Amino acid sequence: MSTSPRSQAVKRDWGHDETGCTVLHIDMDAFYASCEIARHPELKGKPVIIGTGNRAVVSAASYEARAYGINSAMAVATARRKCPQGIYLPVDMAYYRATSRKIFALIATVTDQIEQVSVDEAYVNVASALLLWHEPTAIARWIRATVHDRFNVTCSVGIATNKLIAKLASTNAKPDGMLLVPASRNAEFIQMLPLRSLPGVGPASAERFRRWGVETVAQLADLSESELVQITGSKIHAHDLLLAAQGRDERKVTPHTPEKSIGAERTFMADTTDVQTVSNLLRRSSEEVAASLRTRGLVARTVTTKLRFDDLSYATKALTLTEPLDSAAVIFPTARKLLFAMLHMAPDVTELPRAVRLAGVSTSGLSPSKTTALQPALDFDVNDEAPALTATPDNGTASADTVRRRQEGSAKGSRTGSTRATTTADLERLRTAEKTLDSIRTRYGKGSIHLGLG
Ligand SMILES: [Mg+2]
């Protein structure tokens, strides 16, 4: 959900000359909340907030909820104070993704020139579709009406000659609006917007500009390039800002589906600095992610560890592996290493330097496992200890009858020193073990069994 600054003043008729306006920016309105309202029509008109648990963060909010001052990345506890009567629902990413896929399949009937930037947002180059449709606004109108009719989700569309203006137009057309900016009005349009509307101008640089007396795009456009270099400290950034302030943008719409990722994350009951607690959660997340990859027949190349700190800021660190994987036995040790690397910690540290509120693991660089050769690198450091199967009762608590079964043959791959070479056979055994766990979980529930990974 976008928190980009908007301006009521630009939400007006800019003229009807559509010549060259072949870029559409399509953005679903309050997408997660709209998806929930679509399947629970009784929630329509109510403040709906996606995100539950007092320690979680708001993922999306309906416009009714935003009227209470609720926005994304706000702590759910804060949101509950602002709007106690709100309807708070858990995130159901699988459902939002499924809806998104159907919406983009519909848009693809107009043209295949779609650059999807997120689950609910895309640039579309409609140039080739104009033979049939004649006017970009006709396409935008049809998409808006059809998405609404079929999915009960509204979207806003910006129509312009380039991506920069199209995106700002859709942002300012929200909710459920459409805004055409004719070619001749690009500069005038963008210069009416707050400085923060320009790409690359965040709170810190806005503050730097303010100290120089620059608070609007129009004021920035009046600066010389050398003044801009002085303020930003970067020739490239200064040049880009000058072009943007004139409404110019050379970027092409590049057909693309976003790098999909599969991840799992959880908020702790209380902020923690305990490495073991965070590590346990990373292990659990790694198992969930690996199971999800296998269920979907995918392998991943990149592992990312994510932390959200007690001040709600967050950090991620990623590692791309030499070979694709779908096994928690590889994902978890990688995620754990990334945790240590991210916080510059020595391997024997037991306390994190900062309190952590949420931790998670995600994988990206996905491809179908059928068509991807799974040949684990021989030098991959899985763990010193061979993974063991640890079964726990369904309530997820450890118990005395915990079963520990050491993986047979794991010692064969051992080497002296802290790292251990993993043979293809080892990895294959682990994958088989994890697949067995998948079927146990399917029968007895998600929390029924876990890999004992270090
Ligand atoms: Mg959106």
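Scroll up to find the structure.
A. Focus on the packing of aromatic side chains. Under the definition given, this model contains five aromatic pairs. The interplanar angle of 15° and the centroid separation of 4.5 Å between the aromatic rings of Y32 and Y96 together place this pair among those described as stacked. Of this pair, Y32 sits in helix α1 (residues 31–39) while Y96 sits in helix α4 (residues 93–107); the two residues are 64 residues apart in sequence, bridging distant segments of the chain. On the basis of relative accessibility, which here comes to 18%, the residue Y32 falls in the buried class. Among the aromatic residues, those joined into a cluster by ring pairs are F31, Y32, Y95 and Y96. Between the NZ or CZ atom of R354 and the centre of the ring of F309, over which it lies, the distance is 3.8 Å.

B. Broad picture of the coordination of the magnesium ion. Coordination of the magnesium ion by the protein comes from D27 (OD), M28 (O) and D120 (OD), over a distance range of 2.2 to 2.4 Å. Sequence positions of the residues that donate to the magnesium ion give the spacing D-M-x91-D. Within this pair, whereas D27 is found in strand β1 (residues 23–28), its partner D120 is found in the loop between β5 (114–118) and β6 (121–125), the two being separated by 93 residues in sequence. Here the two residues D27 and D120 agree in accessibility, since each one is buried.

C. Spatial organisation of unusual backbone geometry. Following K174, the chain continues into P175 via a peptide bond in cis, with omega recorded as -10°. Mapping P175 onto the fold places it in the loop between α7 (163–173) and β8 (178–180). Despite not being glycine, D176 shows a phi value in the positive range, around 50°. With respect to the secondary-structure elements, D176 resides in the loop between α7 and β8. Accessibility expressed as a relative area gives 43% for D176, which makes it partly exposed. Residues other than glycine seldom take positive phi values, yet L312 does so here, at roughly 75°. Note that L312 resides in the loop between β10 (298–309) and β11 (314–325). The exposure class assigned to L312 is partly exposed, which follows from its relative accessible area of 23%.

D. Representation of the nonpolar core in the model. By size, the foremost hydrophobic cluster in this structure holds 37 residues, and its most contacted members are L24, I26, M28, F31, I50, I107 and V147. Taken together, the elements giving at least two residues each to this core come down to β1, α1, β2 (48–50), α4, β6, α6 (136–151) and β7 (155–160). Viewed by domain, this core spans two of them, domain 1 (8–29 + 94–189) and domain 2 (34–93), each represented by three or more residues. Ignoring any residue separated from it by four or fewer positions in sequence, one finds M28 in contact with I103, D120, V147, V153, T154, C155 and K174.

E. Representation of the sheet that holds β6 in the model. Spatial ordering of the open sheet is given by β5-β6-β1-β7-β8, a layout of five strands whose pairing is mixed. On the outer flanks of this sheet lie β5 and β8, each paired with one strand and no other. Across the sheet, the mean angle separating the axes of adjacent strands is 15° when strand polarity is ignored. Here three bridges tie β7 to β8, and the two strands are oriented parallel to one another. Of the residues in β8, the one forming a bridge with G158 is L179. Across the face of the sheet, α4 comes into contact with β1, β5 and β6 while running at roughly 160° to β5. Contacting β1, β5, β6, β7 and β8, α7 runs over the sheet at an angle of about 145° to β7.

F. Just the environment of S327, in detail. Within the element layout of this structure, S327 appears in the loop between β11 and α14 (328–342). Overall, the relative accessible area of 1% leaves S327 in the buried class. For the pair formed by S327 and E434, sequence separation is 107 residues and the distance between their alpha carbons is 7.2 Å. Once you skip the residues sitting within four places of it in the chain, S327 turns out to touch A290, R294, L430, R431 and E434.

G. Representation of the sheet that holds β2 in the model. The sheet built from three strands is open, its strands ordered β3-β2-β4 with mixed pairing. Each end of this open sheet is capped by a strand with a single partner; those strands are β3 (60–61) and β4 (87–89). Bridge count between β2 and β3: two bridges; the pairing is antiparallel. Its bridge partner being in β3, I49 is matched across the sheet by A61. Docked against the sheet, α1 engages β2, β3 and β4, running at close to 120° with respect to β2.

H. Quick peek at the packing of helix α13 (residues 275–295) against α14. Packing of α13 against α14 brings their axes to within 8 Å, and their N-to-C directions diverge by 140°. Put simply, α13 runs oblique to α14. Classified by chirality, the crossing of α14 by α13 is right-handed. Listed contacts from α14 to V275, Q276, V278, S279, L282, R283, S286, E287, V289, A290, L293 and R294 of α13 are A328, I331, F332, A335, R336, L339 and F340. Looking at the contact of α13 with α14 residue by residue, the class counts come to 12 nonpolar, three polar and four charged.

I. Focus on the side chain of S62. Tracing the backbone shows S62 in the loop between β3 and α2 (63–66). For S62, a relative accessible area of 3% translates into the label buried. A distance of 3.1 Å separates the side chain of S62 from the backbone oxygen of K46, its partner in a polar contact. Each residue touching S62, except ones within four places of it in the same chain, is listed here: A30, A33, I37, K46, P47 and V48.

Cut-off values and rules
Residues numbered from 1 in each chain as written. Predicted model: local features only at pLDDT ≥ 70, side-chain atom pairs only at ≥ 80, totals over all residues. Heavy atoms only, no water. Phe/Tyr/Trp six-rings, centres within 6.5 Å; stacked < 30°, edge-to-face > 60°. Helix = DSSP H or I, 4+ residues; strand = E, 2+ residues; numbered from the N terminus. Buried < 20%, exposed > 50% of the residue type's maximum accessible area, 1.4 Å probe, protein only. Lys NZ or Arg CZ within 6 Å of the ring centre and 35° of its normal. Donors = N, O, S within 2.8 Å, 3.2 Å for Na, K, Ca; no water. Core = buried A, V, L, I, M, F, W, Y, C linked by side-chain atoms within 4.5 Å. Domains from an automatic or database assignment. Contact = heavy atoms within 4.5 Å. Pairing = 2+ DSSP bridges. Axes fitted to C-alpha atoms, helices over the stretch in contact; angles between N-to-C directions. Parallel < 35°, antiparallel > 145°, perpendicular 65-115°, else oblique. Left-handed = near helix turned anticlockwise from the far one by under 90°. Nonpolar A, V, L, I, M, F, W, Y, C, P; charged D, E, K, R; others polar. Polar contact = N/O pair within 3.5 Å; in protein donor to acceptor, adjacent residues only side chain to side chain.

Structural measurements only, silent on function.
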